[in-house]
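Below are the chains, spelled out letter by letter.
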Amino acid sequence: MAEEGKGGSLARTVIGGTSMIAVAGGVSKIFTLVSAPILTRELGPSPYGAVALLVTVTSLAATVALAGLDMSYARFFFSGSPEEGRAAERFCWQFTMGAACAVSLLAGLGWYLWSGGAGLPVSLALMVMAGIFLSVLNTMASTRKRLEGGYFRISASIIMAGLIGAALAIALALYWRKDAWSLLVGGAGGVAVGIVVAGLPPAETILRSAGLSRDARWEIVRLGLAGAVTAPMHWLMNSADRWFIGLWKGQGPLGVYAFATSVGLVGMIVNSAVTLTWFPEMMRDYEAFKEEAAPRIGRLWARLAAGLILVWLAVTAAGGDVIRLLAAPAFHEGASYIPWMAGGVLFAGIASLANTGFMLRKDMTPAAGWWVLGTALNVVLNAILVRPMGAYGAAVNACLTQALIAAGAMGSAQSRFPLPVPWGRLGAAAGLALAAGIAMAPPWSDGPLRSLLLKFPVGVAVAALVAWIVASDWMRRLLRGDVLRGEKP
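On a predicted model such as this, the values are computed, not experimentally measured, just so you know.

Scoring rules and cut-offs
- Residues numbered from 1 in each chain as written.
- Predicted model: local features only at pLDDT ≥ 70, side-chain atom pairs only at ≥ 80, totals over all residues.
- Heavy atoms only, no water.
- Helix = DSSP H or I, 4+ residues; strand = E, 2+ residues; numbered from the N terminus.
- Rg over C-alpha atoms; globule rule 2.2 N^0.38 Å.
- Buried < 20%, exposed > 50% of the residue type's maximum accessible area, 1.4 Å probe, protein only.
- Contact = heavy atoms within 4.5 Å.
- Areas by Shrake-Rupley, 256 points an atom, 1.4 Å probe, with all protein chains shown as cover.
- Lys, Arg positive; Asp, Glu negative; His and termini not counted.
- Charge placed at Lys NZ, Arg CZ, Asp CG, Glu CD.
- Phe/Tyr/Trp six-rings, centres within 6.5 Å; stacked < 30°, edge-to-face > 60°.
- Lys NZ or Arg CZ within 6 Å of the ring centre and 35° of its normal.
- Salt bridge = Lys/Arg side-chain N within 4 Å of Asp/Glu carboxyl O.
- Axes fitted to C-alpha atoms, helices over the stretch in contact; angles between N-to-C directions.
- Parallel < 35°, antiparallel > 145°, perpendicular 65-115°, else oblique.
- Left-handed = near helix turned anticlockwise from the far one by under 90°.
- Nonpolar A, V, L, I, M, F, W, Y, C, P; charged D, E, K, R; others polar.
- Core = buried A, V, L, I, M, F, W, Y, C linked by side-chain atoms within 4.5 Å.
- Disulfide = S-S within 2.5 Å.
- pLDDT = per-residue confidence, 0-100.
- Patch = residues over 30% accessible without salt bridge, like charges linked within 9 Å, V, L, I, M, F, W, Y side chains within 5 Å.
- Polar contact = N/O pair within 3.5 Å; in protein donor to acceptor, adjacent residues only side chain to side chain.

What is the right way to look at the overall build of the protein in this model?
Within the protein, the regular secondary structure consists of 18 helices and 0 strands. Expected size for 489 residues packed as a compact globule is a radius of gyration near 23 Å; at 22 Å, the protein falls within 12% of this value. Its C-alpha atoms put the protein at 60 × 55 × 40 Å along the principal axes. Looking at the 489 residues of the protein, the share that counts as buried comes to 54%. Long-range pairs, those at least 24 residues apart, make up 81% of the contacts in the protein between residues at least 6 apart in sequence. For the protein, the exposed surface amounts to about 19800 Å²; the carbon and sulfur share of it is 70%. If the 37 positive side-chain charges of the protein are averaged to one point and the 25 negative ones to another, these points end up 3 Å apart.

I keep staring at the packing of aromatic side chains and nothing clicks. Help me out?
Here a ring pair, both rings aromatic, is described through the centre-centre distance and the interplanar angle of the planes. What the rule picks out here adds up to 7 aromatic pairs. Aromatic side chains Phe91 and Phe95 sit 6.1 Å apart centroid to centroid with 50 degrees between the ring planes, which places their arrangement in the tilted category. With Phe91 and Phe95 both in helix H4 (residues 82-114) and 4 residues apart, the pair spans about one turn of that helix. Residue classification places Phe91 among the buried positions, given a relative accessible area of 11%. Over the ring of Trp474 we find Arg303, and its NZ or CZ is 4.8 Å from the ring centre. Its end group placed over the ring of Trp248, Arg387 keeps NZ or CZ at 4.1 Å from the ring centre.

Help me understand the pattern of salt bridges in this model?
Between side chains of opposite charge, a pair can form when the charged atoms approach closely. One pass over the structure, following the stated rule, counts 9 salt bridges. Arg296 is the partner of Asp285 in a salt bridge, and the nearest nitrogen-oxygen pair spans 2.9 Å. One end of the pair, Asp285, is in helix H11 (residues 268-289); the other, Arg296, is in helix H12 (residues 294-326), and 11 residues separate them in sequence. The class for Asp285 is buried, based on a relative accessible area of 8%. Of the charged contacts, one joins Asp321 and Lys455 as a salt bridge, the two residues approaching to 3.0 Å between their closest N and O atoms. Of the two residues, Asp321 sits in helix H12 while Lys455 sits in helix H17 (residues 448-470), which places them 134 residues apart along the sequence. By the burial criterion, Asp321 is buried, and Lys455 matches it. In this structure, a network of salt bridges that share partners links the residues Arg144, Lys145 and Glu148.

I would appreciate a short explanation of the packing of helix H2 (residues 45-66) against helix H5 (residues 125-147) in the present structure.
Packed helices, taken two at a time, are described by their axes: the angle between them and the distance between them. Two elements in contact, H2 and H5, have axes separated by 9 Å at closest approach and are oriented at 45 degrees. As far as their axial angle goes, H5 and H2 are oblique. The interaxial crossing formed by H2 with H5 has right-handed handedness. Here Leu54, Val57, Thr58, Ala61, Ala62, Ala65 and Leu66 of H2 come into contact with H5, specifically with Met127, Val128, Ile132, Ser135, Val136, Thr139 and Met140. Its residues placed into classes, the contact of H2 with H5 shows 11 nonpolar, 3 polar and no charged.

Help me out: how do you make sense of the environment of Val266 in this one?
You can see Val266 is positioned in the loop between helix H10 (251-264) and H11. Look at Val266 and you get partly exposed, because its relative accessible area is 24%. Taking the C-alpha atoms as reference, Val266 lies 15 Å from Ser336; in sequence the two are 70 residues apart. When near neighbours in sequence (up to four residues on either side) are disregarded, Val266 contacts Lys29, Thr261 and Val315.

Please clarify how the nonpolar core should be interpreted in this entry.
What tends to happen in soluble globular proteins is that the nonpolar side chains get buried as a cluster. Membership of the largest hydrophobic core comes to 140 residues, with the highest contact counts inside it found for Trp278 and Trp301. For this core, the element with the highest residue contribution is H12, accounting for 17 residues.

How should the state of the cysteines be read in this particular structure?
Think of a disulfide as a covalent bridge from one cysteine sulfur atom to another cysteine sulfur atom. Tallied over the full model, the rule gives 0 disulfides. As a non-bridged cysteine, Cys92 has Cys101 as the owner of its nearest cysteine sulfur, 16 Å distant. Using a relative accessible area of 40% as the deciding quantity, one classes Cys101 as partly exposed.

Any chance you could explain the confidence of the model for the protein here in plain terms?
Parts of the prediction with low pLDDT should not have their coordinates interpreted in detail. The pLDDT averaged across the protein works out to 85; a share of 94% of its residues lies at or above 70. In this model residues 1-7 is a low-confidence stretch, pLDDT under 50, and it forms 12 contacts with partners more than four residues away in sequence or in other chains.

Explain a nonpolar patch on the surface to me, please; I cannot follow it from the model alone.
A cluster of nonpolar side chains, Leu109, Tyr112, Leu113 and Trp114, forms an exposed patch at the surface whose accessible area comes to about 530 Å². Residue classification places Leu113 among the exposed positions, given a relative accessible area of 52%.

Whenever I open this one, the side chain of Asn397 confuses me. Can you help?
Among the structural elements, Asn397 can be located in helix H15 (residues 391-416). Look at Asn397 and you get buried, because its relative accessible area is 0%. Residues in contact with Asn397, not counting those within four places in the same chain, are Leu377, Asn378, Leu381, Asn382 and Leu385.

Can you help me understand the environment of Asp321 in this one?
You can call Asp321 buried: its relative accessible area is 1%. In the structure, Asp321 is positioned 120 residues away from Ala441 in sequence and 8.9 Å away in space, judged by C-alpha atoms. Not counting chain neighbours up to four residues away, the residues in contact with Asp321 comprise Pro443, Pro448, Ser451, Leu452 and Lys455. Within the structure, the side chain of Asp321 is placed 2.9 Å from the side chain of Ser451, a separation counted as a polar contact.

Spelled out as structure tokens, the structure:
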């Protein structure tokens, strides 16, 4: 019974926190989608293309500034005594804030000097600097809250950021400027409000000496460095396609592709929610119970993976209809990209979950190797596919290379920290979802809203079958009204 209580506690905390953050992300995404008819009409595709290129710069620079220390922060906060955890926290905050200031200034200067040659507004250098610093600050604030178990505060932060960002972008597009500035200033304003809601650490976290030895600081940095390799590879995979499309097809097709990603990549909301809750709670459980925690970690890993598969099915089935329902006709071509984009998100989520074994062993080096390999292949395939196939080729490429990374990383992780994952059940669930996704991706009616309504009951039935295959005990408890209570080991 004690073991059941432990497993049930881990499952309830992870599923509860993930659900809360995913719902908040969904609400935030609704704000984006609701604003789409106004913004796409007022601005057209080109500003979306310019923003897409600027975001590639800010996201890379923010990744460099973080240097993977948000990952180290999450791992070392639970290692050793509470005071050692707080010392690691101070070091991570001091390092990232200093790096954020330096990198944002350098990136802003670089944009000012060289963006004109790419036909982009030089004046956006200010938004490059703001975007980098706010991104780093938001990541660290969210990491701090999830280590404290503050999932409600994180959820409120996400909702407020989405609401303010969308409302501000609409107001600016209507009454100020009809270009990329409206989207960027609106987004930055939303992130700033979200940071305030999440909350920042006390001043002493930045000002007080960390009190760590050189060896302790290096151990924290070493774990982060592997993540610092992985994150730029992720950035390159999510940026190379945009640059190839912009170079060979122009900013109009790039704007269509960028808008389609706002629908096709909606599953990143769930990926993020899983990451935010899974790793701190899983590591907390492992530090408390060590190797005896492995069975329930493996079982819950499989159920989270099944959840990501269902997200792929939902986005694949509904994404094209949503684009046709909300966006101007010039954007409708992007509907065909959705299943592949959603597939890339699915495999990115699996690759993230594969980091479980690496994090527990405090060695992310194998993950970095797979990301380097997958990213190199991604760039090569973009160069081959985008010119003849356009943005569709980029979407296909993203899915295939993410699948390679996920498979390779999971194989390496299992060799280092074997998790008892029920692969047979998970494979059967994935096959069922794939068949349903192929059937549900095309429109089922000329009217997008009618198509969505026709697909909905079928999607619910398939989801129930997938859940029954992977987690029949949860389904039985759900029918009895006591889901996640007393999970069996």
